[in-house]
Every structure is written in C-alpha cells, then in structure tokens.
Amino acid sequence: MTLRLYHGEALARYGFGAGHPFGPDRLDAFWKECVARGLDRRAQIATPVTAGDADILRFHTHDYVQRVKFQSRTGEGYLDEGDTPAFPGVYEAAATVVGTTLDAVAHSVSGAAPRAFIPIAGLHHARRDMAAGFCVFNDIGCAIEALRAVHGVRRIAYVDIDAHHGDGVYYAFADDPELIFADLHEDGR
C-alpha cells in the first residue's frame with residue numbers, strides 16, 4: 001500500500017510564531033526525523049495543495065471565511081475569543097491545510113494512495129463560524145463534507161486520537177446519524 005506523505009513550505013506557514021505550541025519549527029522537526037529514519041524513501045512525497053473558497057465553504061460559514069480573509073490581510077486580532085491569533089497570510093496558510101487534506105482524501109478514495117499523512121493537519125477544534133484552539137479552518141470537517149458532496153460517501157467513521165477532544169468536528173456532526181464519531185482523549189486527570 002502506498003503512503004502519500006505531504007511536505008512543503010506552504011504547510012510550514014501554518015504557525016503562530018516562535019515559542020507558540022503551533023510554532024514554525026514543527027514541520028522541520030518532523031521532516032528531519034522522517035529523513036533520519038528513512039521514512040521519506042518509503043513514501044510517495046506530495047506537495048501541499050491550497051483549497052478554494054468552495055472547498056472551505058462546504059463546512060465553514062461565509063461570514064467567518066470573509067473575516068479570516070480580512071484578518072489575514074491585517075494580521076491583527078484573534079479569530080476566536082483569545083486563543084487563536086490572526087497573522088499576515090493566515091487565510092492562505094489555513095486554506096493550504098484544508099486543500100492538502102482534501103487532496104489526500106481524493107487520492108485515498110480513488111485508490112491511488114490509500115493512506116496519507118499530513119504532519120500539519122487535523123485542525124479539529126475550529127467551529128463552522130469561528131476558530132478555536134489554534135485551529136483556523138477545520139480540515140476534518142471540510143473532508144467529511146467533501147466525502148459526501150464530491151465523492152458520494154454517506155456513512156463515515158471519524159476516529160480522533162488527539163489528546164484533546166475533537167470538539168469542532170463533534171459538535172458540527174453530533175446529530176448526524178451517518179457519522180460515527182470515536183474520540184479517544186484525555187479526561188483532565
């Protein structure tokens with residue numbers, strides 16, 4: 001089975017500055033270890049892809065997307081209630097995470113690359129109408145909506161193994177009988 005591994009400067013742009021948990025050094029740290037272990041030679045290396053508005057709007061509201069675009073130009077303020085700061089180019093950086101995830105989904109559904117890994121992805125806290133937890137756009141929510149609208153997949157199982165609850169995905173699809181949601185996360189103890 002082919003693993004499609006995404007790497008490129010466009011993904012590294014999704015970062016909130018030096019010293020931040022989502023800092024600019026995350027992709028480099030991942031890539032150095034990947035190369036040191038020879039994993040890059042066992043994968044199909046793919047370049048990041050930027051999503052268009054239509055892809056993002058399958059999950060996010062129009063007003064929110066416009067707000068991210070505006071704050072991307074100014075680089076000022078927060079995209080939520082004080083957790084996720086805007087920075088110049090935040091729209092493009094977040095759209096690249098979404099586009100890369102959607103590219104991975106398309107390759108998986110087609111069978112061209114049944115497995116994929118995107119080291120800067122899984123932004124599961126963003127809500128339909130606002131950022132949360134350093135997540136500007138919810139690439140997982142966009143992927144679920146694309147699986148349905150583009151690929152005709154109705155029943156989806158979403159498994160989240162992050163230490164934190166995938167609340168942006170959960171609350172967006174909590175009443176959806178065709179989405180199975182399995183979330184293994186810390187309980188605070």
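Look up a bit, the structure's there.
The following refers to the structure shown. (Residues numbered from 1 in each chain as written. Predicted model: local features only at pLDDT ≥ 70, side-chain atom pairs only at ≥ 80, totals over all residues. Heavy atoms only, no water.)

1. Here's the deal with the sheet that holds strand β1 (residues 3-6)
What counts is decided by this rule: We treat two strands as partners when DSSP finds at least two bridges between them. Runs of H or I in DSSP of at least four residues are treated as helices and runs of E of at least two as strands, each being numbered from the N terminus. Lines fitted to the C-alpha atoms define the axes, with helices restricted to the stretch that makes contact. Angles between their N-to-C directions range from 0 to 180 degrees. In what follows, residue pairs with any heavy atoms lying within 4.5 Å of each other are defined as contacts.
Spatially, three strands are ordered β2-β1-β3 in an open sheet, and the strand pairing comes out parallel. Of all the strands in the sheet, just β2 (44-46) and β3 (115-117) have a single pairing partner and so form its edges. Strand after strand, the sheet turns through a mean of 25 degrees between neighbouring axes, direction not considered. Where β1 lies against β2, three bridges are found, and the strand directions are parallel. Bridge pairing in β2 links Arg4 to Gln44. Seen against the sheet, helix α5 (residues 90-110) touches β1 and β3 and runs at an angle of roughly 170 degrees to β1.

2. Description of the layout of surface pockets
This is how it is decided: Each cavity reported here is a set of points on a 1 Å grid over the protein atoms alone in which a 1.4 Å probe fits but cannot get out, each pocket an open set with protein on both sides within 12 Å along at least five of seven lines, and each lining residue one with an atom within 4 Å of a point. Grid points are joined across faces, edges and corners, and a volume is the space filled by probe spheres set on the points. Gly is put with the polar residues, along with every residue not named as nonpolar or charged; the nonpolar set is Ala, Val, Leu, Ile, Met, Phe, Trp, Tyr, Cys and Pro, and the charged set is Asp, Glu, Lys and Arg.
In this structure, the largest pocket encloses a volume near 830 Å³. Thr101, Ala116, Ile140, Tyr158 and Val159 are the residues nearest the centre of the largest pocket, which is lined by 26 residues in total. Sorting the residues of the lining of the largest pocket by element identifies α5, β3, α6 (139-149) and β4 (156-160) as the ones contributing at least two each. Considered class by class, the residues forming the lining of the largest pocket number 18 nonpolar, four polar and four charged. Along the lines of polarity and charge, the residues of the lining of the second largest pocket split into seven nonpolar, five polar and two charged.

3. Some remarks on the packing of aromatic side chains
This is how the line gets drawn: By convention, a stacked pair of Phe, Tyr or Trp rings (six-membered ring in the case of Trp) has centres within 6.5 Å and planes under 30 degrees apart, an edge-to-face pair has planes over 60 apart, and any other such pair is tilted. Remark: exposure states derive from per-residue accessible area (1.4 Å probe, protein chains only) relative to the maximum for the residue type, with buried under 20%, exposed over 50%, and partly exposed in between. Placement of a charge over a ring requires the Lys NZ or Arg CZ to be within 6 Å of the ring centre, with the centre-to-atom vector within 35 degrees of the ring normal.
Counted by the stated rule, this structure contains twelve aromatic pairs. Arranged with centres 6.4 Å apart and planes meeting at 65 degrees, the rings of Tyr14 and Phe22 form a pair that is edge-to-face. Taking 6.0 Å as the distance between ring centres and 90 degrees as the angle between the ring planes, the aromatic pair formed by Tyr64 and Phe137 counts as edge-to-face. With Tyr64 in helix α4 (residues 62-74) and Phe137 in the loop between β3 and α6, this residue pair connects regions lying 73 residues apart in the sequence. You'll find Tyr64 and Phe137 in the same group, each marked buried. Stacked on the ring of Phe22, the Lys or Arg Arg26 has its end atom at 4.2 Å from the ring centre. Positioned above the aromatic ring of Tyr91, the side-chain terminus of Lys69 is 5.3 Å from the ring centre.

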